[in-house]
Amino acid sequence: MSESQLWDDVDDYFTTHLAPEDEDLTAAVRDSEAAELPHVAVTAPQGKLLHLLAQTQGARTVLEIGTLGGYSTIWLARALPADGRLVSLEYSPRHAEVATRNIARAGLDKIVEVRVGAALDSLPQLADENPAPFDLVFIDADKSNNPHYVEWALKLSRAGSLIIVDNVVRGGRVADAGSTASDVQGTRTAIELIGRHPRLSGTAIQTVGSKGYDGFALARVLA
Ligand SMILES: C[S@@+](CC[C@H](N)C(=O)[O-])C[C@H]1O[C@@H](n2cnc3c(N)ncnc32)[C@H](O)[C@@H]1O
């Protein structure tokens, strides 16, 4: 058995027992595939982790950067109270359209708002609205802009907020200081920013699973 088959099997086992998908999540995956969206959504166990972290935070407000078909959005939004709010930023109108349908079918359209556009344009607009600080920020868009997204997450959060950055391992490429790939450079700069920022305390965890070898960073806003 190949290593990646083994990772798939273990993810399937964990999904069955710990993070089973209901009809709305299954339909979100099915419709995202039918619309030929890239296969880059979080896995079910990862979605459940986001859900548990949002619950542990007691989150009422979540900011997501990178919606795709709304799969992670649904896991996160389900952790929020009925009067909670999740704003998800997505560049592609096509992805946002699929996500909006998936989110509505899951009955979450009252608390989720998908905003279309480049996140670096949407974020200053959002800030101009003086929103309540976001309790959790999930960063999962174009990796080259990760340092900017971490800075924006800080501006839009409060002491105690949690910032999560997905895909920080990139198959191990994050350790290559000489890499000229913009996704690796963006991720390295974000990790180093988290490490030295006086308002942040963070770590990063390597993972394997049905999405390969990757990982995520977690940072708590201190002040
Ligand atoms: C990895 S996918 C998000 C997956 C999603 N969070 C999930 O797990 O279900 C990244 C998404 O970010 C979007 N994206 C890429 N560049 C962006 C940008 N500059 N601003 C906003 N979204 C962007 C892509 O179109 C894509 O839909």
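Not measured: the values here are computed from a predicted model.

Procedures and definitions
Numbering of residues starts from 1 in each chain and follows the order in which that chain's sequence is written. Per-residue local features of the predicted model are confined to residues with pLDDT of at least 70, and side-chain atom pairs are confined, for both listing and counting, to 80 or more; whole-chain, interface and lining totals are unaffected and use all residues. The basis for every side-chain value is the complete set of heavy atoms in the structure, and neither hydrogens nor water enter the calculation. The numbering of helices and of strands both runs from the N terminus, where a helix is a DSSP run of H or I of at least 4 residues and a strand a run of E of at least 2. Classification of residues uses two cut-offs on accessible area relative to the type maximum, computed with a 1.4 Å probe and protein chains only: under 20% is buried, over 50% is exposed, and between them is partly exposed. Contacts between residues were defined by any pair of non-hydrogen atoms, one from each residue, lying within 4.5 Å. Only the protein chains shown count as cover for residues, and all accessible areas are computed by the Shrake-Rupley method using a 1.4 Å probe. Two residue types count as positive, namely Lys and Arg, and two as negative, namely Asp and Glu; His and chain ends fall outside the count. Think of each charge as sitting on NZ of Lys, CZ of Arg, CG of Asp or CD of Glu. Two strands qualify as a pair provided DSSP detects at least 2 bridges between them. Axis lines are fitted to C-alpha atoms, over the contacting stretch for helices. Their N-to-C directions set the angle, which ranges from 0 to 180 degrees. One heavy atom suffices: a residue is near a molecule or strand as soon as one of its heavy atoms comes within 4 Å of it. As used in this structure description, the phrase polar contact means that two N or O atoms lie within 3.5 Å; if the pair is within protein, one of them must be able to donate a hydrogen and the other to accept it, and residues adjacent in sequence are counted only when both atoms belong to side chains. Gly is put with the polar residues, along with every residue not named as nonpolar or charged; the nonpolar set is Ala, Val, Leu, Ile, Met, Phe, Trp, Tyr, Cys and Pro, and the charged set is Asp, Glu, Lys and Arg. Residue types Ala, Val, Leu, Ile, Met, Phe, Trp, Tyr and Cys, when buried and joined through side-chain atoms within 4.5 Å, form a set referred to as a nonpolar core. Each Phe, Tyr or Trp ring (for Trp, its six-membered ring) is paired with any other whose centre lies within 6.5 Å, and the angle between the two planes then decides the class: stacked below 30 degrees, edge-to-face above 60, tilted in between. Criterion for a charge above a ring: Lys NZ or Arg CZ within 6 Å of the ring centre, and within 35 degrees of the ring normal.

## A short note on the overall build of the protein
Here is step 1 of the chain: If you tally the helices and strands in the protein, you get 8 helices and 7 strands.
Here is step 2 of the chain: Oriented by its inertia axes, the alpha-carbon framework of the protein measures out at about 45 × 45 × 30 Å.
Here is step 3 of the chain: For the protein, buried positions account for 49% of its 223 residues.
Here is step 4 of the chain: Contacts spanning at least 24 positions in sequence make up 72% of the contacts within the protein whose residues lie at least 6 apart.
Here is step 5 of the chain: Carbon together with sulfur atoms contributes 53% to the accessible area of the protein, which is approximately 10600 Å² in total.
Here is step 6 of the chain: Of the charged side chains in the protein, 20 are positive and 30 negative, and the gap between their average positions amounts to 6 Å.

## Here's the deal with the sheet that holds strand β5 (residues 157–166)
Here is step 1 of the chain: A sheet is described by the order of its strands in space; here 7 strands give the open sequence β3-β2-β1-β4-β5-β7-β6, paired in mixed fashion. Edge positions in the sheet fall to β3 (112–116) and β6 (200–209), since each has one partner strand and no second. When strand polarity is set aside, the average angle formed by the axes of neighbouring strands in this sheet is 15°.
Here is step 2 of the chain: Across the sheet, helix α3 (residues 44–57) is in contact with β4 (134–139), β5, β6 and β7 (212–221); its angle to β5 comes to roughly 175°.
Here is step 3 of the chain: On top of the sheet, helix α8 (residues 182–196) reaches β5, β6 and β7; it is set at about 140° to β6, its chief contact.

## Concerning the site of the ligand
Here is step 1 of the chain: Around the ligand sit 21 residues in total, of which V42, S72, E90, H95 and D140 are the nearest.
Here is step 2 of the chain: One of the backbone nitrogen or oxygen atoms of V42 is found 2.8 Å away from an oxygen atom of the ligand.
Here is step 3 of the chain: Here a nitrogen atom of the ligand and a backbone polar atom of G66 are 2.9 Å apart.
Here is step 4 of the chain: Within the complex, the protein chains bury 88% of what would otherwise be the 610 Å² of accessible surface of the ligand.
Here is step 5 of the chain: Taken together, the residues of the shell around the ligand break down into 12 nonpolar, 5 polar and 4 charged.

## Some words on the nonpolar core
Here is step 1 of the chain: One finds L76, L108 and L136 to be the most contacted residues of the largest nonpolar core, which totals 28 residues.
Here is step 2 of the chain: When contributions to this core are tallied by element, the ones reaching two or more residues are α2 (23–34), α3, α4 (71–77), α5 (93–105), β4 and β5.
Here is step 3 of the chain: It is α4 that contributes the most residues to this core, 5 residues altogether.
Here is step 4 of the chain: Every residue in contact with L108, bar those within four places of it in the chain, is listed here: I74, A77, R78 and I103.
Here is step 5 of the chain: V87, L123, I139 and I194 belong to the second largest nonpolar core, which has 27 residues in total.

## Notes on the packing of aromatic side chains
Here is step 1 of the chain: Under the counting rule described, the total for this entry stands at 2 aromatic pairs.
Here is step 2 of the chain: We note K155 situated over the ring of W152; from NZ or CZ to the ring centre the distance is 4.1 Å.

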